[in-house]
Amino acid sequence: MEVVYYQKYRFTIKKGQIIDIDPFLNAYLYKNLKESRYLHSLSVAKLMYEIALSNNLENPLRYYVCGLLHDVGKYVSKEKTLKIMEEKYKNFLNLPFYAYHSFVGAYLVENDLKIDDLEFLEAIKIHTTGDEKMSTLAEVLFAADKIDPLRSYDSSEMINEMKKNNVKGFIKVVYETKIFLKDKHNDSNYLSERMYRYYLK
């Protein structure tokens, strides 16, 4: 077994799998998420870790923790969500309300958990919408959130693509996301449109 840290948070790895999550982080997740969303977060974290390992990305634990925390803003009250958005992210108030939880989540991760990794926080902010010129961490989070094996559709092909080549796999996920959302409903936003223009040239 190996004990590893991301910032001040402690994890235990055994045979390439994270078997023990920092108890403070785990308690924070359990307090702030419904059970289904907690399980989703664990699943996304595991998938991100596997994608990082299979692509030899630097610091796979960072990917794991980002997946673990990406949805902590999901169940913040509407009143508190709007207050945080108006005070901290006024430039993004024109996004659909469903995207706000990503920004609120980044705010909570920075302020409650004292994580000061700017690229990490940015990845959480845009994990719902995507954007142009995303970091590798942000691309993997966006993809893993969309293709989480706990979702109600078969995402195994895209999971395999991400594990084989995270750059090409991400393009595939972006393309499939655009098609899925176009068929489902018209809730486009300018960040997603920027992502489509940039990555689907």
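For the structure itself, consult the block above.
Residues numbered from 1 in each chain as written. Predicted model: local features only at pLDDT ≥ 70, side-chain atom pairs only at ≥ 80, totals over all residues. Heavy atoms only, no water.

When its secondary structure is counted, the protein chain shows 10 helices and three strands. In sequence order, the protein chain lays out its α and β elements as β-β-β-α-α-α-α-α-α-α-α-α-α. Relative to the globule expectation of 17 Å for 201 residues, the C-alpha radius of gyration of the protein chain, 16 Å, shows essentially globular dimensions. By principal-axis analysis of the C-alpha atoms, the protein chain measures approximately 50 × 40 × 30 Å. Looking at the protein chain as a whole, 50% of its 201 residues qualify as buried. By sequence separation, contacts in the protein chain at least 24 residues apart represent 59% of the contacts at least 6 residues apart. For the protein chain, the accessible surface area stands at approximately 10600 Å², while carbon and sulfur atoms represent 50% of it. Within the protein chain, one finds 30 positive and 28 negative side-chain charges whose respective centroids are separated by 1 Å. (Helix = DSSP H or I, 4+ residues; strand = E, 2+ residues; numbered from the N terminus. Rg over C-alpha atoms; globule rule 2.2 N^0.38 Å. Buried < 20%, exposed > 50% of the residue type's maximum accessible area, 1.4 Å probe, protein only. Contact = heavy atoms within 4.5 Å. Areas by Shrake-Rupley, 256 points an atom, 1.4 Å probe, with all protein chains shown as cover. Lys, Arg positive; Asp, Glu negative; His and termini not counted. Charge placed at Lys NZ, Arg CZ, Asp CG, Glu CD.)

Along helix H8 (residues 156–164), the residues classified as buried are Met158, Ile159 and Met162. Down the axis of H8, the smallest arc covering the buried residues is 105°, so these residues share one side. Exposed residues lying more than 90 degrees from the buried face of H8 are Glu157 and Lys164. (Arc of directions from axis to C-beta.)

To continue, consider the pattern of salt bridges. Evaluated as defined, the whole model comprises 12 salt bridges. Between Glu176 and Lys172 there is a salt bridge whose closest N-O contact spans 3.1 Å. Of this pair, Glu176 and Lys172 both sit in helix H9 (residues 166–184), four residues apart, roughly one helical turn. Taking relative accessible area as the criterion, Glu176 reaches 27% and is therefore assigned partly exposed. What makes Lys172 partly exposed here is its relative accessible area of 28%. Among the ionic contacts, a cluster of salt bridges with common partners joins Lys46, Glu50 and Lys163. (Salt bridge = Lys/Arg side-chain N within 4 Å of Asp/Glu carboxyl O.)

The three strands lie next to each other as S1-S2-S3, forming an open sheet whose pairing is antiparallel. Strand pairing shows two members of the sheet lacking a second neighbour, strand S1 (2–6) and strand S3 (17–20), which therefore form its edges. The mean inter-strand angle of the sheet, taken between neighbouring strand axes irrespective of direction, is 45°. Pairing between S1 and strand S2 (residues 9–14): five bridges, direction antiparallel. Directly across from Glu2, in S2, lies its bridge partner Ile13. Packed onto the sheet, helix H3 (residues 60–69) meets S1, S2 and S3 and runs at close to 65° relative to S1. (Pairing = 2+ DSSP bridges. Axes fitted to C-alpha atoms, helices over the stretch in contact; angles between N-to-C directions.)

Restricting attention to buried positions, one finds in helix H10 (residues 190–199) the residues Leu191, Ser192, Met195, Tyr196 and Tyr199. Within H10, the buried residues cover an arc of 140° as seen down the axis, which keeps them to one side. Structurally, the start of H10 carries an N-cap: the backbone nitrogen of Leu191 is 3.1 Å from a side-chain oxygen of Asn189. (Polar contact = N/O pair within 3.5 Å; in protein donor to acceptor, adjacent residues only side chain to side chain.)

By secondary structure assignment, the location of Ile51 is in helix H2 (residues 35–54). Judged by its relative accessible area of 0%, Ile51 falls in the buried class. Spatially, the C-alpha atoms of Ile51 and Gln17 are 13 Å apart, while their sequence positions differ by 34 residues. In contact with Ile51, other than residues within four places in its own chain, are Leu57, Val140, Met162, Lys163 and Asn166.

Mapped onto the secondary structure, Asn189 falls in the loop between H9 and H10. A distance of 2.9 Å separates the side chain of Asn189 from the backbone nitrogen of Ser192, its partner in a polar contact. Apart from the residues within four sequence positions on either side, Asn189 is in contact with Leu95, Pro96, Tyr98 and Thr129.

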